[in-house]
Amino acid sequence: MPSKKIIDLLGDKASYLLEHKSTTIDKSTITLPSPTHIEDIWLNSNRSNQVLRSLQSLLGNGRLANTGFCSIFPVDQGIEHSGGSAFSPNPIYFDPENIIKLAIEGGCNAVASTYGVLGIMSRKYAHRIPFVVKINHNEFLSLPNKYDQTMFGTIKSAWNMGAVAVGATIYWGSAESARQLKEVAEAFEIAHELGMATILWCYTRNSGFKVDNVDYHTAADFTGQANHLGVTLQADIIKQKLPTNNGGYLATKHGKTSNLVYDKLTSDHPIDLCRYQVLNCYSGRVGLINSGGESKGASDLADSVYTAVINKRAGGMGLILGRKAFQRPFKEGVELLHATQDVYLDKDITVA
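Keep in mind the model is a prediction, meaning the values are calculated, not measured.

Rules used in this analysis
- Residue positions within a chain follow its written sequence, with the count starting from 1.
- A pLDDT threshold of at least 70 governs which residues receive local features in this predicted model, and a stricter bar of 80 or more applies before side-chain atom pairs are shown or counted, although totals over entire chains, interfaces and linings include all residues.
- Only hydrogens and water are removed before side-chain values are computed, so all heavy atoms of the structure are retained for them.
- The definitions used throughout rest on a 1 Å grid laid over the protein atoms alone, on which a cavity is an enclosed set of points accommodating a 1.4 Å probe that cannot get out and a pocket is an open set flanked by protein within 12 Å on both sides along at least five of seven lines; lining residues are those having an atom within 4 Å of a point.
- Grid points are joined across faces, edges and corners, and a volume is the space filled by probe spheres set on the points.
- Numbering goes from the N terminus for both helices and strands, where a helix is a DSSP run of H or I of at least four residues and a strand is a run of E of at least two.
- When residues are grouped by polarity, Ala, Val, Leu, Ile, Met, Phe, Trp, Tyr, Cys and Pro land in nonpolar, Asp, Glu, Lys and Arg in charged, and all others, Gly among them, in polar.
- Classification of ring pairs rests on two measures: the distance between centres of Phe, Tyr or Trp rings, Trp counted by its six-membered ring, which must be within 6.5 Å, and the angle between planes, read as stacked under 30 degrees, edge-to-face over 60 and tilted in between.
- Relative accessibility decides the category of a residue: with a 1.4 Å probe and only protein chains considered, values under 20% of the type maximum give buried, values over 50% give exposed, and everything between is partly exposed.
- We call a charge positioned over a ring when the NZ of a Lys or the CZ of an Arg lies within 6 Å of the ring centre and within 35 degrees of the ring normal.
- The rule for a salt bridge is simple: a side-chain nitrogen of Lys or Arg has to be within 4 Å of a carboxyl oxygen of Asp or Glu.
- By nonpolar core is meant a set of buried Ala, Val, Leu, Ile, Met, Phe, Trp, Tyr and Cys residues that side-chain atoms within 4.5 Å join together.
- Contacts: residue pairs with any heavy atoms within 4.5 Å of one another.
- Paired strands are those between which DSSP finds at least two bridges.
- The axes used here are C-alpha line fits, helices contributing only the stretch in contact, and every angle between their N-to-C directions lies in the interval 0 to 180 degrees.
- In these notes the angle categories are as follows: under 35 degrees is roughly parallel, over 145 is roughly antiparallel, 65 to 115 is roughly perpendicular, and the rest is oblique.
- By convention the crossing between two helices is left-handed if the near helix lies anticlockwise of the far one by an angle smaller than a right angle, and right-handed if it lies clockwise.
- Two cysteine sulfurs form what is called a disulfide whenever their separation falls within 2.5 Å.

A.B. asks: Would you mind going over the layout of surface pockets with me for this structure?
C.D. replies: Empty space among the atoms can be located by rolling a probe the size of a water molecule over them. Space inside the largest pocket adds up to approximately 1300 Å³. If you go around the largest pocket, you meet 44 residues; those closest to its centre are K241, S291, G293, E294 and R323. Those elements giving two or more residues to the lining of the largest pocket turn out to be helix 5 (77-80), strand 6 (165-172), strand 7 (197-204), strand 10 (237-240), helix 16 (300-314) and helix 17 (323-326). Looking at the lining of the largest pocket element by element, the count peaks at four residues for helix 16. Class assignment for the residues of the lining of the largest pocket results in 13 nonpolar, 18 polar and 13 charged. One number sums up the size of the second largest pocket: a volume of about 210 Å³. Along its surface, the second largest pocket is lined by 14 residues, and T67, F69, K312, Y344 and K347 are the ones closest to its centre. Here the lining of the second largest pocket is composed, by residue class, of eight nonpolar, three polar and three charged.

A.B. asks: I would appreciate a short explanation of the packing of aromatic side chains in the present structure.
C.D. replies: Aromatic rings considered in pairs are described by the distance between their centres and by the relative angle of their planes. Counted by the stated rule, this structure contains eight aromatic pairs. Considering the side-chain rings of F140 and Y147, the 5.4 Å spacing of their centres and the 85° angle between planes classify their relative orientation as edge-to-face. What makes F140 partly exposed here is its relative accessible area of 31%. The aromatic ring of Y171 is capped on one face by R205, whose charged end is 4.6 Å from the ring centroid. Its end group placed over the ring of Y203, K241 keeps NZ or CZ at 4.8 Å from the ring centre.

A.B. asks: For this particular structure, what's the right way to read the pattern of salt bridges?
C.D. replies: Side-chain pairs of opposite charge can arise where the charged atoms are in close proximity. In total, this model carries ten salt bridges according to the counting rule given. A salt bridge links D8 to K4, with the nearest nitrogen and oxygen atoms 2.7 Å apart. One end of the pair, D8, and the other, K4, are both in helix 1 (residues 4-10), four residues apart, so they sit about a helical turn from each other. Note on D8: relative accessible area 47%, which makes it partly exposed.

A.B. asks: What is the right way to read unusual backbone geometry from this model?
C.D. replies: Among all residues except glycine, the phi angle is most often negative; among peptide bonds, the trans geometry is most common. The residue after L143, namely P144, is reached through a cis peptide bond having omega 0°. Inspection of the secondary structure assignment puts P144 in the loop between strand 4 (136-137) and strand 5 (150-151). Of note, the phi angle at Y282 is positive, near 50°, even though the residue is not glycine. Positionally, Y282 belongs in the loop between helix 15 (270-279) and strand 11 (287-291). A relative accessible area of 36% means that Y282 is categorised as partly exposed.

A.B. asks: What should I look at first to understand the nonpolar core in this one?
C.D. replies: Where a protein is soluble and globular, its nonpolar side chains tend to be buried together. By size, the foremost hydrophobic cluster in this structure holds 109 residues, and its most contacted members are L58, I72, F73, F131, L200, I238 and V309. Those residues within four positions of I238 in sequence are excluded, and the remaining contacts are L200, C202, N227, G230, V231, C281, V286, G287, L288 and I289.

A.B. asks: Help me understand the sheet that holds strand 3 (residues 131-134), please; the structure alone is not making it clear to me.
C.D. replies: Sheets are built from strands paired through backbone hydrogen bonds, the pairs being either parallel or antiparallel. Strand order in the closed barrel formed by eight strands is 1-2-3-6-7-10-11-12, with parallel pairing between adjacent strands. Neighbour-to-neighbour, the strand axes of the sheet open up by a mean angle of 25°, direction not taken into account. The pairing of strand 1 (residues 70-75) with strand 12 (residues 318-320) spans three bridges and is classified as parallel. Paired with C70 across the two strands is G318, which belongs to strand 12.

A.B. asks: Whenever I open this one, the packing of helix 15 against helix 16 confuses me. Can you help?
C.D. replies: How two helices pack is summed up by the angle between their axes together with the distance between the axes. At a minimum axis distance of 8 Å, the contact between helix 15 and helix 16 shows a crossing angle of 55°. Considering their axes alone, helix 15 and helix 16 lie oblique with respect to each other. Helix 16 is crossed by helix 15, and the crossing has right-handed handedness. Contacts between helix 15 and helix 16 pair P270, I271, C274, R275 and V278 from the former with Y306, I310, N311, R313 and A314 from the latter. Each residue belonging to the contact of helix 15 with helix 16 can be placed in one class, and the counts come to seven nonpolar, one polar and two charged.

A.B. asks: Explain the environment of D236 here, please?
C.D. replies: Note that D236 resides in the loop between helix 12 (220-232) and strand 10. A residue is classified by how much of its surface remains accessible, and D236, at 1% relative accessible area, is buried. Separated by 212 residues in sequence, D236 and T24 place their C-alpha atoms 25 Å apart. Ignoring anything within four residues of it in the chain, the contact list for D236 reads W42, R47, V51, L55, H192, A197, T198, V286 and G287.

A.B. asks: Explain the state of the cysteines here, please?
C.D. replies: Throughout this description, disulfide means a covalent bond between two cysteine sulfur atoms. Counting across every chain of the model gives zero disulfides. Free cysteine: C274, not disulfide-bonded; nearest cysteine sulfur from C281 at 9.1 Å. You can see C281 has no disulfide; the closest cysteine sulfur is in C202, sitting 7.4 Å from it.

A.B. asks: Sorry, what's going on with the packing of helix 12 against helix 15 here?
C.D. replies: Between helix 12 and helix 15, whose axes approach to 8 Å, the crossing angle comes to 25°. Viewed along their axes, helix 12 and helix 15 adopt a mutual orientation that is roughly parallel. Judged by the sense of rotation from one axis to the other, the crossing of helix 12 with helix 15 is right-handed. Judged by residue contacts, A220, D221, T223, G224 and N227 of helix 12 engage L273, Y276 and Q277 from helix 15. Among the residues forming the contact of helix 12 with helix 15, the class breakdown is three nonpolar, four polar and one charged.

Remember that the coordinates give geometry; whether it matters functionally is a separate question.
Pasting the structure below:
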């Protein structure tokens, strides 16, 4: 039986999540996270020995080391949402060193942040925790606000500071997505040539994805397709928001889909919706990490555990969780990160 703490945090959702048996995509048909993930998936790929070593460095660090699961601590909100918006709840994180300290104390596999944050602390910490440099951002100082991902710095500078991986965002479905696709594909190719792994934030963005007051940006069918585009760019890990609904293609009536997606491959259960995301990551060969989402305050701990249980039981590789941890006192942030990692360490929480 899963730990009492996890059951208590799940509350009235405990049996709904922990006892669910998937009848959509059988777990035997997907590749699940394992301690031998590098050997099982990447050894026979076109990834170089240096990339394999970087992936192993990332998966071999922290409390989840060598389990096949990963917990990444991301902080790029100073650009995406302004420093004031992101760090006012806890101003110690205006100092880049505290970001890295929280990732280390929190037992994370890696810390993902900006060129500036990781670059200014690289000599002190690059050998202590794997760095993931986020190479593009959507800045919100321009007026009017725009939703576009712009490159910051170079892949070579990320390599020079000792990063094991780079991360990037593409806003799939946006007017700028074709340019972003080209930029990120070229950047990822350089990163692989230099021996770094690649992580893609696969987000959807288009005002047309809201239909009849329903927001389909996190629909399983849309996010699943975004994942499939991401692995085609040779991302080694996919970051995606947890699905909250389904039927985006049916609502917008654009693109192409199949009724089998809704009748056979998914249900309305969150674990089955997330499994469809995993399926689109080359049937789990490329690891899926779900994002922790915005901080809501008192419910953050329970919400984080909820997300971790869904991701793990769906066949995902882990979480990339930031705001819920750094927008609270340091000790509480560490406890929250540990609580989510405990889900992946709990052998009684199995794949559905």
